[in-house]
Amino acid sequence: MMNSIKINEKDNVALCVEKIGKGDFVMGITAENDIPFGHKIALKNIKKGENIIKYGYPIGHAVDDIKQGEWVHTHNMKTNLSDVIDYEYNPAEPCKLNSEEKFFDGYKRADGSVGIRNEIWIIPTVGCVNKTAEIICKKANEIYGEKCDGIFAFTHPYGCSQLGDDQRFTQKILGGLVKHPNASGVLVLSLGCENNNLDSFLPTLKEYDKEKVRTLVTQDVEDEVESALKIIGELCEKASKEKREKISLSQLVVGFKCGGSDAFSGVTANPLCGKLTDKLTALGGRVILTEVPEMFGAETLLFNRAKDEKVFNSAVKMINGFKKYFKSHGQVIYENPSPGNKKGGITTLEEKSLGCIQKGGSAEVSAVLDYGEKCTESGLNLLTGPGNDMVSCTNLTASGAHIILFTTGRGTPLGAPVPTLKISSNTQLFNKKKGWIDFDAGKVLSGENFDKLCEELLEKIVFVASGKERTLNEKNGYREIAIFKDGVTL
């Protein structure tokens, strides 16, 4: 097996795919240092101030002279990024593939949407009824669990003492969950006196199926658990009559997320997802890419694939809006990557971003979505939101993702309310964390063909979407939500 990879012919660094010792030969040169697994080695002498090139693009610059064979990382390189930027629209030719139509077995809902699970969800309007929701959920599963794919409560600490946009964020995300088609039925559980009471929350849903969405104000009934179980029993009875039908894969909404990334994420798992993006969008499918701060430094590659100038302007507004959000809180825009990313070999945000956006493939950017906005456009959609794993996964779910493909180099057990398929960037992680990781993209490093691996991943997605297989987050009960907060708490 090779001990290093040069990703692009323009690169002046290579990626070490095993731990390198001082004196070892790497691509015909001698290593001047011990170099950790996943880190970079200089392929030539690089002068102070000269750009470090990876993926064919600058990922930062040298802060000292770097000799050929030396380890390249935070001690001798730094980001090139600075502040809010003015952008020009330079449209590039998007990827256009012919793709054979594929199908999965899903549920057709009354509102015309489709789901891949037949679950009952309990959505608290406020954190005050979290424990009540959990008690109801446990009892309901014991009584009615066999009538559906499971009953789940998604608790959170918000819904009261919030103002303005902060409360609207909460309502938008909860509304997206309430209307999600993976839920056959939903119980909206209220305390009664919260800011986000039913009189405030329900109008934000606009039109909704009142047969699917039921409500309960716990202050208005003598026994809230008994009352809730009666409602859930009725929802489960309805769910038990739902049947899977053959549905075009173009109806599947796929969300992409990366977390606990390493230097291989942008070489194996993320490009694999990019190939999948191109296949799905060629079918007319919808895919969603989020984590706006992890587009910084690579955003122009996405901008130039905008389908028109209106989408381009929306993408620029999204990027610069998030930069201004950082600055409004007195924070450095480019305070990234995380300590775990750096330990895994990612040095600068440009390097992380260039790897991150690989998940978007070469597809045309068809729409830019606000936080929690429903995805309706075929093609690649950019979703406004932070990079935080739990907040991002919740955001993707609220925007309508049926399934999330989550790439990782270091591993995480985190799961969203929807199936969250974990893809490892390296085989070592896949072998180490069998209880976390669903699919190994690290096989690329051992010579596995990318296209063959993409077909295997697509087949697995169809199996998961059709209910023939559950992801590990589902099997392990890892289902959490987190809501973006930016405001005053009363």
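Attention here is on the structure that accompanies the text.

Rules behind the numbers
Residues numbered from 1 in each chain as written. Predicted model: local features only at pLDDT ≥ 70, side-chain atom pairs only at ≥ 80, totals over all residues. Heavy atoms only, no water. Helix = DSSP H or I, 4+ residues; strand = E, 2+ residues; numbered from the N terminus. Expected span 1.5 Å × (residues − 1). Buried < 20%, exposed > 50% of the residue type's maximum accessible area, 1.4 Å probe, protein only. Contact = heavy atoms within 4.5 Å. Polar contact = N/O pair within 3.5 Å; in protein donor to acceptor, adjacent residues only side chain to side chain. Core = buried A, V, L, I, M, F, W, Y, C linked by side-chain atoms within 4.5 Å. Patch = residues over 30% accessible without salt bridge, like charges linked within 9 Å, V, L, I, M, F, W, Y side chains within 5 Å. Areas by Shrake-Rupley, 256 points an atom, 1.4 Å probe, with all protein chains shown as cover. Salt bridge = Lys/Arg side-chain N within 4 Å of Asp/Glu carboxyl O. Lys, Arg positive; Asp, Glu negative; His and termini not counted. Charge placed at Lys NZ, Arg CZ, Asp CG, Glu CD. Disulfide = S-S within 2.5 Å. Axes fitted to C-alpha atoms, helices over the stretch in contact; angles between N-to-C directions. Parallel < 35°, antiparallel > 145°, perpendicular 65-115°, else oblique. Left-handed = near helix turned anticlockwise from the far one by under 90°. Nonpolar A, V, L, I, M, F, W, Y, C, P; charged D, E, K, R; others polar. Phe/Tyr/Trp six-rings, centres within 6.5 Å; stacked < 30°, edge-to-face > 60°. Lys NZ or Arg CZ within 6 Å of the ring centre and 35° of its normal. Pairing = 2+ DSSP bridges. Right-handed = clockwise from strand over helix to strand, strands pointing away.

Examining helix α4 (residues 224–239)
Helical periodicity: at 3.6 residues per turn, an α-helix aligns residues three or four positions apart in one direction. The end-to-end C-alpha distance of α4 is 22 Å, a good match for the 22 Å that 16 residues give at a rise of 1.5 Å each. For α4, the set of buried residues is V225, A228, L229, I231, I232, G233, L235, C236 and A239. Looking at the packing, one finds that the buried side of α4 touches β12 (119–124), α1 (130–144), β13 (151–153), β14 (183–190) and β15 (213–217). Between the side-chain oxygen of the N-cap and the backbone nitrogen of V225 there are 3.1 Å, and the N-cap of α4 in question is D223.

Section: the nonpolar core
By size, the foremost hydrophobic cluster in this structure holds 73 residues, and its most contacted members are I52, F104, L252, L382, I403, L405 and I423. Apart from the residues lying within four places of it in its own chain, the contact partners of L405 are V254, G255, F256, K257, C273, L276, L421, I423 and I461. Listed in part, the 38 residues of the second largest apolar core include I123, V217, L383 and L414.

Comments concerning a positive patch on the surface
Side chains of K172, K179, K206 and K374 sit close together on the surface and give a patch of like positive charge. Considering the arrangement of structural elements, one finds K179 in the loop between α2 (164–178) and β14. K179 gets classed as partly exposed once you look at its relative accessible area, which sits at 37%.

Description of the state of the cysteines
A complete count under the given rule lists 0 disulfides for this structure. Between C128, a cysteine without a disulfide, and C160, which holds the nearest cysteine sulfur, the sulfur-to-sulfur distance is 6.1 Å. The exposed category is assigned to C128, whose relative accessible area is 55%. Lacking any disulfide linkage, C193 is separated from the closest cysteine sulfur, that of C160, by 6.5 Å. Residue C193 is classed as exposed on the basis of its relative accessible area of 55%.

As for the packing of helix α5 (residues 269–282) against helix α12 (residues 450–465)
One way to put it is that α5 packs onto α12 with a least axis distance of 9 Å and a crossing angle of 65°. Taken together, the axes of α5 and α12 lie roughly perpendicular to each other. Relative to α12, α5 is oriented so that their crossing is right-handed. Only F450, D451, L453, C454, E455, L457, L458 and I461 of α12 make contact with α5, whose side of the interface consists of P271, L272, K275, L276, K279 and L280. Of the residues in the contact of α5 with α12, the class split is 10 nonpolar, no polar and 4 charged.

What to know about a nonpolar patch on the surface
There is a patch of nonpolar side chains on the surface, built from L163, V488 and L490 and spanning about 300 Å² of accessible area. Topologically, V488 is positioned in the segment after α13 (472–476). Assessed through its relative accessible area of 52%, V488 is described here as exposed.

Regarding the packing of aromatic side chains
This model, assessed by the stated rule, comprises 14 aromatic pairs. On the basis of an interplanar angle of 25° and a centroid distance of 4.9 Å, the ring pair of Y89 and F312 is categorised as stacked. Taken together, the positions of Y89 in the loop between β9 (77–78) and β10 (103–108) and F312 in helix α7 (residues 309–328) put the pair 223 residues apart, joining distant regions of the chain. Overall, F312 belongs to the buried group, its relative accessible area being 4%. Judged by centre distance (5.3 Å) and plane angle (80°), the rings of F169 and Y371 are edge-to-face. Remark: Y371 occurs in the loop between β19 (365–369) and β20 (379–383) and F169 occurs in helix α2; sequence separation between them is 202 residues. Overall, Y371 belongs to the buried group, its relative accessible area being 6%. One aromatic cluster in this structure is built from F169, F296, F322, Y325, F326, Y371 and F484. Lying across the ring of F406, K422 places its NZ or CZ 5.2 Å from the centre. Taking the ring centre of W436 as reference, the NZ or CZ of K433 above it sits at 4.2 Å.

As for α7
If you check α7, its first and last C-alpha atoms are 28 Å apart, about what 20 residues at 1.5 Å a residue would give, namely 28 Å. For α7, the full list of buried residues reads V311, F312, A315, V316, M318, I319, N320, F322, K323 and F326. Against the buried residues of α7 lie α6 (299–303), β19 and β20. With a side-chain oxygen positioned 3.2 Å from the backbone nitrogen of K310, the residue opening α7 is D308.

Describing the pairing of β12
Of all 6 residues in β12, 6 are buried, a share of seventy percent or more. Where β12 meets β14, 6 bridges bridge the pair, whose relative direction is parallel. Note on β14: the bridge partner recorded for I122 is L187. Strand direction decides the pairing type here: β12 and β13, joined by 3 bridges, are parallel. Note that in β13 the partner of I122 across the bridge is A153. Each parallel crossover has a hand, and the one from β12 via α1 to β13 is right-handed.

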